[in-house]
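What follows is each chain in one-letter form.
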Amino acid sequence: MTDALLPAAPQPLEKENDGYFRKGCNPLAQTGRSKLQNQRAALNQQILKAVRMRTGAENLLKVATNPKVREQVRLELSFVNSDLQMLKEELEGLNISVGVYQNTEEAFTIPLIPLGLKETKDVDFSVVLKDFILEHYSEDGYLYEDEIADLMDLRQACRTPSRDEAGVELLMTYFIQLGFVESRFFPPTRQMGLLFTWYDSLTGVPVSQQNLLLEKASVLFNTGALYTQIGTRCDRQTQAGLESAIDAFQRAAGVLNYLKETFTHTPSYDMSPAMLSVLVKMMLAQAQESVFEKISLPGIRNEFFMLVKVAQEAAKVGEVYQQLHAAMSQVPVKENIPYSWASLACVKGHHYAALAHYFTAILLIDHQVKPGTDLDHQEKCLSQLYDYMPEGLTPLATLKNDQQRRQLGKSHLRRAMTHHEESVREASLCKKLRSIEVLQKVLCAAQERSRLTYAQHQEDDDLLNLIDAPSVVAKTEQEVDIILPQFSKLTVTDFFQKLGPLSVFSANKRWTPPRSIHFTAEEGDLGFTLRGNAPVQVHFLDPYCSASVAGAREGDYIVSIQLVDCKWLTVSEVMKLLKSFGEDEIEMKVVSLLDSTSSMHNKSATYSVGMQKTYSMICLAIDDDDKTDKTKKISKKLSFLSWGTNKNRQKSASTLCLPSVGVARPQVKKKLPSPFSLLNSDSSLY
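Procedures and definitions
Residues numbered from 1 in each chain as written. Predicted model: local features only at pLDDT ≥ 70, side-chain atom pairs only at ≥ 80, totals over all residues. Heavy atoms only, no water. UniProt positions renumbered as here; feature names shortened; annotations may be inferred. Helix = DSSP H or I, 4+ residues; strand = E, 2+ residues; numbered from the N terminus. Buried < 20%, exposed > 50% of the residue type's maximum accessible area, 1.4 Å probe, protein only. Contact = heavy atoms within 4.5 Å. Areas by Shrake-Rupley, 256 points an atom, 1.4 Å probe, with all protein chains shown as cover. Axes fitted to C-alpha atoms, helices over the stretch in contact; angles between N-to-C directions. Parallel < 35°, antiparallel > 145°, perpendicular 65-115°, else oblique. Left-handed = near helix turned anticlockwise from the far one by under 90°. Nonpolar A, V, L, I, M, F, W, Y, C, P; charged D, E, K, R; others polar. Phe/Tyr/Trp six-rings, centres within 6.5 Å; stacked < 30°, edge-to-face > 60°. Lys NZ or Arg CZ within 6 Å of the ring centre and 35° of its normal. Salt bridge = Lys/Arg side-chain N within 4 Å of Asp/Glu carboxyl O. Pairing = 2+ DSSP bridges. Expected span 1.5 Å × (residues − 1). Arc of directions from axis to C-beta. Patch = residues over 30% accessible without salt bridge, like charges linked within 9 Å, V, L, I, M, F, W, Y side chains within 5 Å. pLDDT = per-residue confidence, 0-100.

- As recorded by an unreviewed UniProt entry, the protein carries the name Rhophilin-2 and is attributed to Rhinopithecus roxellana.
- Recorded in UniProt under Sequence similarities (unreviewed entry), the annotation for the protein is "Belongs to the RHPN family."

Structural data, given as structure tokens:
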């Protein structure tokens, strides 16, 4: 496990004979995580086997009537349950990583909880993407081997990100790149045959889907997990380190919250809405804890107003950890959250509540009213320290009466010792927490400090003057909140931009194969005008010009002129290129968007995942008006459920036909949104 703690992300090297490291990637960190993942995967297989055996034994117990058989089944069932419990405890020991990724500097601080990265299996994009480029874009897929290799290299690098901002940028770059890939190669009407497998970070259970949304969600989860590891590794003995930790945990909460709201139907339990809600609470609680440490770092001066501030800050941390522990104790999160995480949340909830009462006791006992004391300000602070005063006491009267101040202060010390005892007890019940030496030292030191303070002020008649100390109001000067991921600040270039502008050349658009138009400009007149941004379209076409006679149509997109790629050229650039040929013959390649109102199986074809991959044949029956009209009539009546009975009556030149779902509607032209803005609309498919 220590292999995973290598601190530095290696700087990108110049490419040499043996390759290079991509910036933000740390392949050396793979060893520790791989060993851990292999152990978790092996344990999970044993757990699945034990669960199947238990299910079989329970079913046999239900149907068996022979007493001897039932007794034997009960005996076997007890052994299986015992074995299953031991396996789950062993897996929980691997899941807990409280001591991992902490800052290596010796510090007297309670450790924080990081999230482990999700592991994945290799994915080969090359065959599927090459086939789709040839089938859908009518281009040679081998011309895009470098782009496909870049995509696969980027995915491989994301499996071992460095634990710094460069690693976060690497993961976010791949996430945005997946948006481009989804728009270009993943049509909503078919599966591409690519299987993505990711392991649950908490249970080790592998989840496999052909949906690219699993890939995108897992990358987002790892981005949030990486932020948690960055936060736990910050130096919490410096002001800058604590500010970095606060920022990292807030960003982790923002990424996880974005994942929860965007991908609402995740197959992996660690990305379920219930679990993500708890993880967001945990990150914000750790950020609030870092705020308390930042305030306490310069030292806590024994001053009335400083102690009021620190007491309320400690109460705030205790409150958020108590809420976190309550959330972790709810079903179904309770069944899968590591027990040591829930125990640590409970320990911290009691520990910081104890600190709040301790500092309140000190400000009451040590600070008596003296000449020159700002009594009005103290009264105001004391009244804001409680929701209510104990019966018979008022803030002003308590401040003026030394006996009441001491009694109320000692009652806070008693509550502090009660919380300390509970935190130590909870820590002793968890095997993993007992092994964290620094945690035990911090808890015991705080408990001993409260005990000694109470012993100094203890009197014989304390039991006769018991006051029930009220709870301290939680308040903070720096309320932590989620920081949403800002994808727009990251500039990412589409690997496959050679295919053309994404607004036209995407997987959900269909067009004819490129047609070659041979024409000449008669007396400098092309016979048509151009419009639109890249790619430009033929506009105002003269039906008697040379280009029209050669097969050009109004609305055609110009993709090349004399072998010069024009997909990204503007109107002025294309016009300049056309006029440069004078009256010489020009070869212009154009494509036409297919009418979206026609049923898809009359225009193109695809293959099912279960079928052998074959290139589809593009139907070119555009000019056949009768056939088109007939197709439109059929598509209006055809539903998905009735397609199986009607498919034999429909003719198509493709290898496999897909039905048209619903009533045909006219095409509405609109600008394609950014790749990651499609998440909300597609998340229902997840």
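There's more to say after this.
### Considering the overall build of the protein
No. 1: When helices and strands are counted, the protein shows 21 helices and 8 strands.
No. 2: In the protein, which comprises 686 residues, the proportion classed as buried is 50%.
No. 3: Contacts in the protein between residues at least 24 apart in sequence constitute 77% of all its contacts with a sequence separation of at least 6.
No. 4: Within the structure as shown, the protein displays about 33300 Å² of accessible surface, and the carbon and sulfur contribution to it stands at 52%.

### Some points on the packing of helix α7 (residues 239-262) against helix α8 (residues 273-296)
When two helices pack together, you describe them by how their axes are tilted relative to each other and by the distance separating the axes.
No. 1: Remark: α7 packs on α8, axes separated minimally by 9 Å, with the N-to-C direction vectors making an angle of 165 degrees. When the interaxial angle is binned, α7 and α8 end up roughly antiparallel. The crossing of α7 and α8 is left-handed.
No. 2: Of the residues assigned to the contact of α7 with α8, the class counts are 16 nonpolar, 6 polar and 4 charged.

### Details of the packing of aromatic side chains
No. 1: Evaluation of the coordinates by the stated rule reveals 14 aromatic pairs.
No. 2: Plain terms: the ring middles of Tyr-358 and Phe-359 are 5.5 Å apart, the flat faces sit at 65 degrees to each other, and that makes the pair edge-to-face. Across the pair, exposure class does not vary: Tyr-358 and Phe-359 are buried alike.
No. 3: Connected via pairs of aromatic rings, a cluster forms that spans Phe-132, Tyr-137, Tyr-144, Phe-185, Phe-496, Phe-505 and Trp-511.
No. 4: The positively charged end of Lys-118 is found above the aromatic ring belonging to Phe-221, 5.7 Å away from the centroid.
No. 5: Lys-498 extends its terminal NZ or CZ atom over the ring of Tyr-144, reaching a point 4.8 Å from the ring centre.

### Description of the pattern of salt bridges
No. 1: Taken as a whole, this structure holds 22 salt bridges when the rule is applied.
No. 2: Close ionic contact of Lys-130 with Glu-145 constitutes a salt bridge, the shortest N to O distance being 2.9 Å. Pair noted here: Lys-130 is in helix α3 (residues 126-137) and Glu-145 is in helix α4 (residues 145-158), with a separation of 15 residues, a long-range link.
No. 3: According to the relative accessible area criterion, Lys-130 is buried, its value standing at 16%.
No. 4: Here Glu-426 makes a salt bridge to Arg-425, at a shortest N to O gap of 3.3 Å.
No. 5: The class for Glu-426 is buried, based on a relative accessible area of 14%.
No. 6: By relative accessible area, which is 38% here, Arg-425 ends up partly exposed.
No. 7: Linked through salt bridges whose partners overlap, the residues forming this network are Glu-139, Asp-565 and Lys-567.

### Focus: the pairing of strand β1 (residues 196-199)
Sheet faces and side chains relate simply in a regular strand, where the side chains alternate between the two faces.
No. 1: Across the two faces of β1 the burial is the same, with Phe-196 and Trp-198 and Thr-197 and Tyr-199 all buried.
No. 2: Here 4 bridges tie β1 to strand β2 (residues 206-209), and the two strands are oriented antiparallel to one another. Bridge pairing links Thr-197 to Ser-208 in β2.
No. 3: Taking the residues between adjacent antiparallel strands as the criterion, β1 and β2 are bridged by 6 residues, where Gly-204 takes a positive phi near 80 degrees.

### Some words on helix α16 (residues 437-457)
No. 1: Its 21 residues place the ends of α16 31 Å apart at the C-alpha level, agreeing with the 30 Å of an ideal helix rising 1.5 Å per residue.
No. 2: Along α16, the residues classified as buried are Leu-439, Val-442, Leu-443, Ala-446, Ser-450, Thr-453 and Tyr-454. Looking straight down α16, one finds its buried side chains confined to an arc of 100 degrees; they lie on one side. Facing away from the buried side of α16 by over 90 degrees, the exposed positions are Glu-437 and Gln-456.
No. 3: Considering only its buried residues, α16 is in contact with α11 (339-366), α14 (402-429) and α15 (431-434).

### Some words on unusual backbone geometry
No. 1: The omega angle of the peptide bond from Val-331 to Pro-332 is 10 degrees, so this bond is cis rather than trans.
No. 2: Mapping Pro-332 onto the fold places it in the loop between α9 (304-328) and α10 (333-336).
No. 3: Looking along the chain, the bond that leaves Ala-534 and enters Pro-535 is cis, with omega of -5 degrees.
No. 4: Along the polypeptide, Pro-535 turns up in the loop between β4 (529-531) and β5 (537-539).
No. 5: Although it is not a glycine, Phe-540 sits at a positive phi angle of roughly 50 degrees.
No. 6: In this structure Phe-540 comes out as exposed when scored by relative accessible area, which is 58%.
No. 7: Phi at Gln-562 takes a positive value of approximately 50 degrees, unusual for a residue other than glycine.
No. 8: Along the chain, Gln-562 falls in the loop between β6 (557-561) and β7 (564-565).

### Observations regarding α8
No. 1: Here α8 spans 35 Å end to end across 24 residues, near enough to the 34 Å set by a 1.5 Å rise per residue.
No. 2: Of all 24 residues in α8, 19 are buried, a share of seventy percent or more.

### Brief notes about a nonpolar patch on the surface
No. 1: Taken together, the side chains of Leu-60, Val-63 and Val-69 define a hydrophobic patch exposed on the protein surface, amounting to about 250 Å² of accessible area.
No. 2: Along the chain, Val-69 turns up in helix α2 (residues 67-95).
No. 3: The class of Val-69 is partly exposed, set by a relative accessible area of 36%.

### Focus on the packing of helix α5 (residues 165-185) against helix α6 (residues 212-233)
No. 1: For the pair α5 and α6, interaxial distance at closest approach is 10 Å and the crossing angle is 165 degrees. Classed by the angle they form, the pair α5 and α6 counts as roughly antiparallel. Seen from above, α5 lies across α6 with left-handed handedness. Note on element contacts: α6 touches α5 through Leu-212, Leu-213, Glu-215, Lys-216, Val-219, Leu-220, Asn-222, Thr-223, Leu-226, Tyr-227 and Ile-230, opposite Glu-165, Gly-167, Val-168, Leu-171, Met-172, Tyr-174, Phe-175, Leu-178, Gly-179 and Glu-182.
No. 2: Class assignment for the residues of the contact of α5 with α6 results in 13 nonpolar, 4 polar and 4 charged.

### Some details on the environment of Tyr-544
No. 1: Residue placement: Tyr-544 occurs in the loop between β5 and α17 (546-549).
No. 2: In sequence terms Tyr-544 and Gly-527 are 17 residues apart; their C-alpha atoms lie 8.1 Å from each other.

### Description of the confidence of the model for the protein
No. 1: Mean pLDDT over the protein: 79, with 77% of residues reaching 70 or higher.
No. 2: This stretch, residues 1-19, has a pLDDT under 50; its non-local contacts, to residues over four places away or in other chains, come to 35 contacts.
No. 3: Note on residues 596-686: pLDDT is under 50 here. Beyond four places in sequence and across chains, it has 144 contacts.

### Examining the environment of Leu-429
No. 1: Summarising the element assignment, Leu-429 is placed in helix α14.
No. 2: Since its relative accessible area comes to 45%, Leu-429 is described here as partly exposed.
No. 3: Each C-alpha atom, one on Leu-429 and one on Ser-343, is 8.4 Å from the other, the two residues being 86 residues apart in sequence.
No. 4: Beyond its immediate chain neighbours, meaning those up to four positions away, Leu-429 contacts Tyr-339 and Arg-434.

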